[in-house]
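Commentary on secondary and tertiary structure
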Protein chains: 2
Amino acid sequence: MWKEAVFHRPEGPYAHPAGPRELRVRLRAKRGDLFSCHLFHGDRYGGEEEGDILRLEKAGSDELFDWFEGVIPSATRRLRYVFYLEGEEGGLWYGEKGFAADRREAGAFQYPYICEGDLYRVPDWAKDGVVYQIFPDRFFNGDEGNDPEGTDPWSAAARPRPDSFYGGDLRGIIEKLPYLEALGVNVLYLTPIFLSPSNHKYDTTDYYRVDPAFGDAETLKELVRLAHQRGIRVLLDAVFNHAGYGFFAFQDVLQRGEDSPYADWFFIEDFPVVTTPRPNYETFANGVWTMPKLNTAHPEVRAYLLDVAEYWTREAEIDGWRLDVANEVDHRFWRAFRDRVKEVNPEALIVGEIWHDAGPWLQGDQFDSVMNYLFRDAVLDFFAAGRIGADRFDALLTRTRMLYPEQAHFAMFNLLGSHDTERFLTTCGGRLERMRLAVLFQMTYPGMPMIYYGDEVGMCGGPDPDCRRPMMWEEERQNRELLAHYRKLIALRKELRPLRRGDFRTWLVDPLRNLYGFVRWDGESCVGVLFNNSPHEHRVEVDLHPFGGAEKLRDAL
Amino acid sequence: MWKEAVFHRPEGPYAHPAGPRELRVRLRAKRGDLFSCHLFHGDRYGGEEEGDILRLEKAGSDELFDWFEGVIPSATRRLRYVFYLEGEEGGLWYGEKGFAADRREAGAFQYPYICEGDLYRVPDWAKDGVVYQIFPDRFFNGDEGNDPEGTDPWSAAARPRPDSFYGGDLRGIIEKLPYLEALGVNVLYLTPIFLSPSNHKYDTTDYYRVDPAFGDAETLKELVRLAHQRGIRVLLDAVFNHAGYGFFAFQDVLQRGEDSPYADWFFIEDFPVVTTPRPNYETFANGVWTMPKLNTAHPEVRAYLLDVAEYWTREAEIDGWRLDVANEVDHRFWRAFRDRVKEVNPEALIVGEIWHDAGPWLQGDQFDSVMNYLFRDAVLDFFAAGRIGADRFDALLTRTRMLYPEQAHFAMFNLLGSHDTERFLTTCGGRLERMRLAVLFQMTYPGMPMIYYGDEVGMCGGPDPDCRRPMMWEEERQNRELLAHYRKLIALRKELRPLRRGDFRTWLVDPLRNLYGFVRWDGESCVGVLFNNSPHEHRVEVDLHPFGGAEKLRDAL
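This text gives an overview of the structure that appears in the document. Source: prediction; values computed, not measured. (Residues numbered from 1 in each chain as written. Chains lettered and ligands numbered in written order. Predicted model: local features only at pLDDT ≥ 70, side-chain atom pairs only at ≥ 80, totals over all residues. Heavy atoms only, no water.)

**Thoughts on the overall build of chain A**
A tally of regular secondary structure across chain A gives 14 helices and 25 strands. Over its C-alpha atoms chain A spans a radius of gyration of 25 Å, differing by no more than 12% from the 24 Å that the globule rule assigns to 557 residues. With the principal axes as the frame, chain A shows a C-alpha extent of 75 × 60 × 45 Å. Contacts in chain A between residues at least 24 apart in sequence constitute 68% of all its contacts with a sequence separation of at least 6. Counting only carbon and sulfur atoms, one obtains 47% of the accessible surface of chain A, whose full area is about 21100 Å². Charge separation in chain A, taken as the distance between the mean sites of 67 positive and 90 negative side-chain charges, equals 4 Å. (Helix = DSSP H or I, 4+ residues; strand = E, 2+ residues; numbered from the N terminus. Rg over C-alpha atoms; globule rule 2.2 N^0.38 Å. Contact = heavy atoms within 4.5 Å. Areas by Shrake-Rupley, 256 points an atom, 1.4 Å probe, with all protein chains shown as cover. Lys, Arg positive; Asp, Glu negative; His and termini not counted. Charge placed at Lys NZ, Arg CZ, Asp CG, Glu CD.)

Okay, here's the thing in structure tokens:
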């Protein structure tokens with residue numbers, strides 16, 4: 001047995017409550033090394049020999065590892081457990097003290113108590129969510145009366161500059177709700193809408209004011225109300241890592257320097273504050289002077305921003321927040337944020353923008369999920385670029401699933417692209433068959449599919465600002481076939497419960513012929529999905545074992 | 001290279017801020033497999049090829065693994081890093097995406113931002129602490145006027161029953177402050193002192209009242225004041241996992257049943273509440289009916305207990321809390337607890353009672369440290385029972401150090417025993433030479449040595465209640481030689497800064513002859529400690545390399 005490859009710790013992704021009285025346990029081992037993995041578990045105050053046995057199932061693999069997984073019940077909520085691992089040379093116990101031939105010597109891992117206060121609760125509706133991301137200036141111009149000065153004419157052929165305006169607004173979104181409903185999406189995520197001089201509005205001037213170019217608080221409320229009537233939820237973008245240059249507190253510091261009561265709201269290196277040759281204050285990214293970083297550890301800043309979050313959650317009755325640059329803000333702040341937002345709306349969803357391993361934020365105390373860029377990386381490499389085979393693709397997906405507690409997965413924002421990336425179809429080199437396959441994958445994988453506005457009608461675009469072209473509304477320019485594909489798959493996801501709520505297992509990995517497949521089942525029915533990621537036709541024999549004794553198999557597509 | 005053995009995640013013990021602008025990074029590999037481990041690190045918004053290189057040092061090993069460790073500076077606080085590992089077959093990059101021959105392919109781990117609000121700050125004084133644990137009923141009877149009815153005569157020869165009283169009290173502790181000062185300890189940890197019917201007082205009747213058998217609030221304040229005058233700090237025991245049967249809220253539930261406003265303060269299965277044949281409510285451990293478990297997720301319970309913590313921290317000016325059954329209370333509660341206590345006294349120390357892996361509580365947001373029972377397990381096996389060799393001993397110590405962020409280690413309560421265990425000398429079978437060696441180890445290892453009252457004068461005792469005999473004050477019965485040994489070693493620890501604040505490296509591991517040694521250095525001087533854990537005399541040649549070009553070596557003992 002390759003002992004060095006075995007990993008478990010009684011916390012995080014490897015041990016987390018699946019409910020008030022059950023614990024999900026995972027163990028990692030060298031790929032192919034273990035014949036079986038059993039878990040002996042009991043009450044931690046019970047006798048050493050008391051307890052039950054559960055055989056853990058192989059949940060997935062990557063190039064190096066297998067992961068075993070199972071859920072153990074606990075009437076008392078206090079758990080002690082030890083693994084029994086079987087390999088070629090026999091069995092070994094594995095516990096807190098390591099490996100041993102004798103169970104007692106191995107010691108027992110402890111999950112001392114499943115505390116109600118620490119449960120990882122994600123709004124149930126997220127499991128059924130299909131998200132549509134809107135960049136308001138570029139979606140639809142519903143009110144030409146509020147267009148900013150110098151607004152360019154709307155054209156899907158336009159090539160936006162970093163400072164272009166196109167006049168899109170909240171009224172435009174309201175007018176297009178029927179379109180969105182027909183598409184089948186049920187969650188809108190709007191990039192920032194509060195007062196700001198830019199088109200993207202990630203440099204907030206006033207967190208309490210909807211930008212007049214987009215409408216006002218009443219328009220926002222109307223949008224949310226009308227969206228709700230159609231069963232569509234609305235998330236806003238919380239830009240709390242940094243403010244805008246025009247933010248009142250920063251302006252005060254500019255004017256009063258060290259004497260400003262807001263001097264500590266930011267990270268100022270010296271006074272007076274200057275922006276050239278480089279800003280002498282911390283900013284978002286590399287010296288973006290329009291975005292001074294906020295000191296979220298400062299009690300006043302914290303209180304201010306939490307008030308903002310509470311205000312809009314309550315006032316506009318929104319359904320949650322996407323958090324900008326979420327991993328550069330302190331955990332302490334996000335914990336308080338979760339408390340405040342969920343107090344107002346326990347069903348609110350909180351989704352962080354994190355491009356990398358988001359483990360520390362997905363423990364139940366901070367975010368419900370994140371924008372799943374790791375998912376995008378894998379899908380892009382496999383379907384769009386054809387850079388990796390089915391084996392590597394499966395490995396990347398498995399690793400991402402095993403990074404986080406189970407709860408997070410069903411609420412992930414599974415995206416193919418966003419306002420911060422090249423558009424997916426462009427990455428595909430315009431090859432629609434690749435995009436179609438990727439969308440099929442996105443719509444059948446665990447987690448919320450997130451559609452970046454316009455992707456569904458075949459919009460192209462390179463990196464920012466080119467990925468932010470005005471929405472292509474002219475039907476004759478839209479790719480209606482792709483749109484139909486989206487509609488059909490969203491409808492299928494709604495029809496087939498396992499695609500939304502079912503467990504996931506890899507079904508077919510064939511790197512030679514470039515085939516991939518998985519099954520999803522929810523206890524009642526089972527859906528298998530097969531992908532031919534090659535330009536050739538292939539006959540494939542699949543194992544129907546996952547479908548058990550099913551009497552009826554049908555082709556859902 | 002054994003890729004499967006390599007482990008790193010950019011969080012917790014493997015990556016944590018060592019200060020506002022530096023990150024401690026650890027990597028685990030198969031023992032002996034890596035020749036070297038380098039870290040390439042830079043600003044996460046910088047160019048991929050920009051950055052610096054740090055060679056990580058081997059911080060320790062166990063039977064299976066080596067751990068490499070280093071601290072990298074970050075002017076911008078935003079980090080990206082990738083490892084370069086060299087083994088027999090050459091080098092490999094290791095990053096977020098796994099192993100690769102090409103640096104870019106491996107991806108980079110991200111530590112997005114070292115947030116001020118998340119820094120793991122432990123009071124600096126803890127590094128110099130030597131703790132003395134007092135079980136007040138058994139330490140000294142300073143006021144016979146407040147002895148409980150049926151108090152037994154004080155005698156170190158007494159064999160306490162579970163319900164014995166001996167009349168020890170706060171006045172007794174005050175009277176013995178000169179003794180404690182002469183011993184050299186500078187932190188007292190008192191087991192509970194609030195109103196309760198038992199001798200141990202872990203079943204609290206009134207959190208706001210010092211038990212009259214121990215004194216009153218004034219006596220407590222006097223004790224703290226007089227202790228402070230001698231440079232001795234005082235910690236109390238926070239018993240917040242459960243209350244006592246007599247606690248007003250539980251009494252109300254007993255009387256009013258479901259209608260009690262406190263019905264949800266506990267975990268009641270059904271009404272009326274009964275204690276026989278088994279309690280129909282959750283309790284501490286297995287049906288201990290005198291200790292109903294508190295529902296710390298309930299906002300009122302939380303507020304009540306936090307008020308208690310704040311009250312005594314402020315009112316009695318204590319220096320911190322030891323938390324009873326800490327790992328069965330929710331993280332959310334402890335985070336709020338830390339905030340409240342540190343707000344009143346930023347220098348307060350918070351130490352959890354956790355007998356196993358305490359990782360989830362030692363992230364900087366909850367506890368400063370824990371009662372280090374994993375340390376005790378190792379010391380007991382090596383010195384007292386002689387059950388393991390020097391190699392296994394070193395492995396256990398290393399593993400425990402690598403479980404937690406560095407900050408926690410210097411504040412650990414390194415104990416040989418407590419009111420919950422057999423006394424150490426008893427475990428040694430009375431063999432003083434074993435105890436002496438263990439105490440030398442305890443007094444020279446990183447973390448706060450914690451002395452259980454009476455251990456220093458050679459008290460024996462089996463498991464609870466036998467380990468709680470009245471303190472042996474008769475000098476003719478005390479082991480004065482052992483006491484002198486304690487005094488000398490405590491003085492040595494005070495004299496030699498590296499023993500309190502220095503880094504730690506294993507120096508000698510000789511399982512054959514049963515020899516062990518380590519060095520500690522603080523940048524200025526270096527202390528080496530050698531243990532002959534065998535009954536035989538041995539000549540040993542040690543590597544003086546850790547002492548660098550030292551001109552002077554002296555025998556500190």
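Structure shown, so let's carry the discussion forward.
**Topic: the sheet that holds strand S22 (residues 448–452) of chain A**
Paired through their backbone hydrogen bonds, the strands of a sheet run either parallel or antiparallel. Residues and elements named next belong to chain A. The sheet built from eight strands is open, its strands ordered S20-S19-S18-S15-S12-S11-S22-S21 with parallel pairing. The sheet is open, and its two edges are formed by strand S20 (369–370) and strand S21 (413–415), each paired on a single side. By the bridge criterion, three bridges tie strand S15 (residues 233–238) to strand S18 (residues 320–323) in an arrangement that is parallel. The residue bridging Ala-238 from the neighbouring strand is Leu-323, located in S18. Strands in contact with helix H12 (residues 432–444) are S21 and S22; relative to S22, the strand with the most contacts, it is inclined by about 140 degrees. (Pairing = 2+ DSSP bridges. Axes fitted to C-alpha atoms, helices over the stretch in contact; angles between N-to-C directions.)

**Quick notes on the interface of chain B and chain A**
Tallying the contact residues gives 59 residues for chain B and 58 residues for chain A. Among the residues of chain B in contact with chain A, Glu4(B), Arg9(B) and Glu328(B) are the three that bury the most area, contributing 14% of the side total. Between chain B and chain A we count 12 salt bridges in total. Across the pair Arg335(A) and Asp365(B) runs a salt bridge whose closest N-O atoms are separated by 3.5 Å. Between chain B and chain A we count 42 residue pairs in polar contact (both at pLDDT 80 or more) in total. Tallied by class, residues from the side of chain B that touches chain A come to 23 nonpolar, 10 polar and 26 charged. (Buried area = accessible area lost by both parts, 1.4 Å probe. Salt bridge = Lys/Arg side-chain N within 4 Å of Asp/Glu carboxyl O. Polar contact = N/O pair within 3.5 Å; in protein donor to acceptor, adjacent residues only side chain to side chain. Nonpolar A, V, L, I, M, F, W, Y, C, P; charged D, E, K, R; others polar.)

**Here's the deal with the nonpolar core**
Among soluble globular proteins, nonpolar side chains are generally buried collectively. All names here are of chain A. Counting 139 residues, the largest nonpolar core has Tyr-132, Phe-337 and Phe-441 as its most contacted members. Ranked by residues supplied to this core, first place goes to helix H8 (residues 373–384) with nine residues. Excluding anything up to four places from it in sequence, Phe-337 contacts Phe-240, Leu-306, Ala-309, Trp-321, Leu-323 and Ile-350. (Core = buried A, V, L, I, M, F, W, Y, C linked by side-chain atoms within 4.5 Å. Buried < 20%, exposed > 50% of the residue type's maximum accessible area, 1.4 Å probe, protein only.)

**Some points on the environment of Tyr486(A)**
All names here are of chain A. In this structure, Tyr-486 sits in helix H13 (residues 480–495). Sequence spacing of Tyr-486 and Gly-184 is 302 residues, and the spatial spacing of their C-alpha atoms is 8.7 Å. Contact partners of Tyr-486, with chain neighbours within four places excluded, come to Leu-183, Leu-416, Met-435, Val-439, Met-443, Ile-451, Asp-455 and Glu-456.

**Remarks on helix H7 (residues 331–344) of chain A**
An ideal rise of 1.5 Å per residue puts 20 Å on 14 residues; H7(A) measures up with 20 Å between its terminal C-alpha atoms. Looking only at H7(A), the buried set comprises His331(A), Phe333(A), Trp334(A), Arg335(A), Ala336(A), Phe337(A), Arg338(A), Val341(A) and Lys342(A). If you follow the buried residues of H7(A), they end up packed against helix H6 (299–315), S18 and strand S19 (349–352) of chain A together with helix H7 (331–344) of chain B. (Expected span 1.5 Å × (residues − 1).)

**Some details on the relation of the copies chain B and chain A**
With an RMSD of 0.0 Å, chain B superimposes on chain A once it is rotated by 180 degrees and translated 0.0 Å along the axis. Within this description, the copies of the chain are treated as partners about a two-fold rotation axis. Minimal C-alpha distance to the rotation axis in chain B is attained by Ala5(B), lying at 2.5 Å. Mapped onto chain A, 98% of the interface residues of chain B are again interface residues, and the two copies thus contact each other with one and the same surface. (Least-squares fit on C-alpha atoms with pLDDT ≥ 70 in both.)

**Description of the sheet that holds strand S21 (residues 413–415) of chain B**
Residues and elements named next belong to chain B. The strand order across the open sheet formed by eight strands is S20-S19-S18-S15-S12-S11-S22-S21, and the pairing between neighbours is parallel. Whereas interior strands pair on both sides, the edge strands pair on one side only; in this sheet they are strand S20 (369–370) and S21. In terms of strand pairing, strand S18 (residues 320–323) meets strand S19 (residues 349–352) through four bridges, oriented parallel. Paired with Arg-322 across the bridge in S19 is Val-351.

**Observations regarding the packing of helix H12 (residues 432–444) of chain B against helix H13 (residues 480–495) of chain B**
Residues and elements named next belong to chain B. Their axes nearest at 9 Å, the elements H12 and H13 cross at an angle of 15 degrees. Classified by the interaxial angle, the pair formed by H12 and H13 is roughly parallel. For H12 against H13, the interelement crossing comes out right-handed. Facing Leu-432, Met-435, Arg-436, Val-439, Leu-440, Gln-442, Met-443 and Thr-444 of H12, the residues of H13 in contact are Glu-481, Leu-482, His-485, Tyr-486, Leu-489, Ile-490 and Arg-493. For the contact of H12 with H13, the residue count by class is nine nonpolar, three polar and three charged. (Parallel < 35°, antiparallel > 145°, perpendicular 65-115°, else oblique. Left-handed = near helix turned anticlockwise from the far one by under 90°.)

**Concerning the packing of aromatic side chains**
All chains considered together, the criterion is met by 129 aromatic pairs over all chains. Centroid distance Phe140(A) to Trp473(A): 5.8 Å. Interplanar angle 80 degrees. Geometry classified as edge-to-face. Of this pair, Phe140(A) sits in the loop between strand S11 (131–134) and helix H2 (170–175) while Trp473(A) sits in the loop between S22 and H13, and the two are 333 residues apart along the sequence. Judged by relative accessible area, which is 16%, Trp473(A) ranks as buried. Ring geometry for Tyr207(A) versus Phe247(A): centroids 5.4 Å apart, planes at 85 degrees, classification edge-to-face. You can see Tyr207(A) sitting in strand S14 (residues 206–210) and its partner Phe247(A) sitting in the loop between S15 and helix H5 (248–256), a full 40 residues away along the chain. In terms of burial, Tyr207(A) and Phe247(A) fall into one category: buried. In this structure, Lys201(A) is placed above the aromatic ring of Phe214(A), and the distance from its NZ or CZ to the ring centre is 5.1 Å. Across the ring face of Trp473(B), the terminal group of Lys176(B) is positioned such that the distance to the ring centre comes to 4.0 Å. (Phe/Tyr/Trp six-rings, centres within 6.5 Å; stacked < 30°, edge-to-face > 60°. Lys NZ or Arg CZ within 6 Å of the ring centre and 35° of its normal.)

**Here's the deal with the side chain of His200(A)**
Residues and elements named next belong to chain A. Within the secondary structure, His-200 is located in the loop between strand S13 (194–195) and S14. A polar atom in the side chain of His-200 sits 3.3 Å from the side chain of Ser-198. A polar side-chain atom of His-200 sits 2.9 Å from the main-chain amide nitrogen of Tyr-202. His-200 has contacts with Phe-135, Pro-192, Met-291 and Arg-468, leaving out every residue within four places of it along the chain.

**A few points about the pairing of strand S5 (residues 57–61) of chain B**
Residues and elements named next belong to chain B. Here S5 pairs with strand S6 (residues 65–73) via four bridges, running antiparallel. Bridge pairing in S6 places Glu-57 opposite Glu-69. Counted between consecutive antiparallel strands, the loop separating S5 from S6 contains three residues.

**Structural notes on the pattern of salt bridges**
Residue and element names in this part refer to chain A. With the rule as written, the count across this model stands at 97 salt bridges over all chains. Where Arg-230 meets Glu-181, a salt bridge forms, and the shortest distance between an N and an O atom there is 2.7 Å. Taken together, the residues Arg-230 in the loop between helix H4 (217–229) and S15 and Glu-181 in helix H3 (residues 177–183) connect sequence positions 49 residues apart. The partly exposed category is assigned to Arg-230, whose relative accessible area is 34%. Taking relative accessible area as the criterion, Glu-181 reaches 37% and is therefore assigned partly exposed.

**Comments concerning unusual backbone geometry**
With an omega of 0 degrees, the peptide bond running from Thr276(B) to Pro277(B) counts as cis. Within the secondary structure, Pro277(B) sits in the loop between helix H5 (248–256) and strand S16 (283–284). Cis geometry marks the peptide bond from Asp464(B) to Pro465(B), where omega comes out at 10 degrees. Its location among the elements puts Pro465(B) in the loop between strand S22 (448–452) and H13. With a phi close to 55 degrees, Glu317(A) is a non-glycine residue in the positive phi region. When you line up the elements, Glu317(A) lands in the loop between H6 and S18. By relative accessible area, which is 55% here, Glu317(A) ends up exposed. In this structure, Asn514(B) takes a positive phi of about 65 degrees despite not being glycine. Note that Asn514(B) resides in the loop between strand S23 (503–510) and strand S24 (515–521).

Everything listed is a geometric property; what it means functionally is a separate question.
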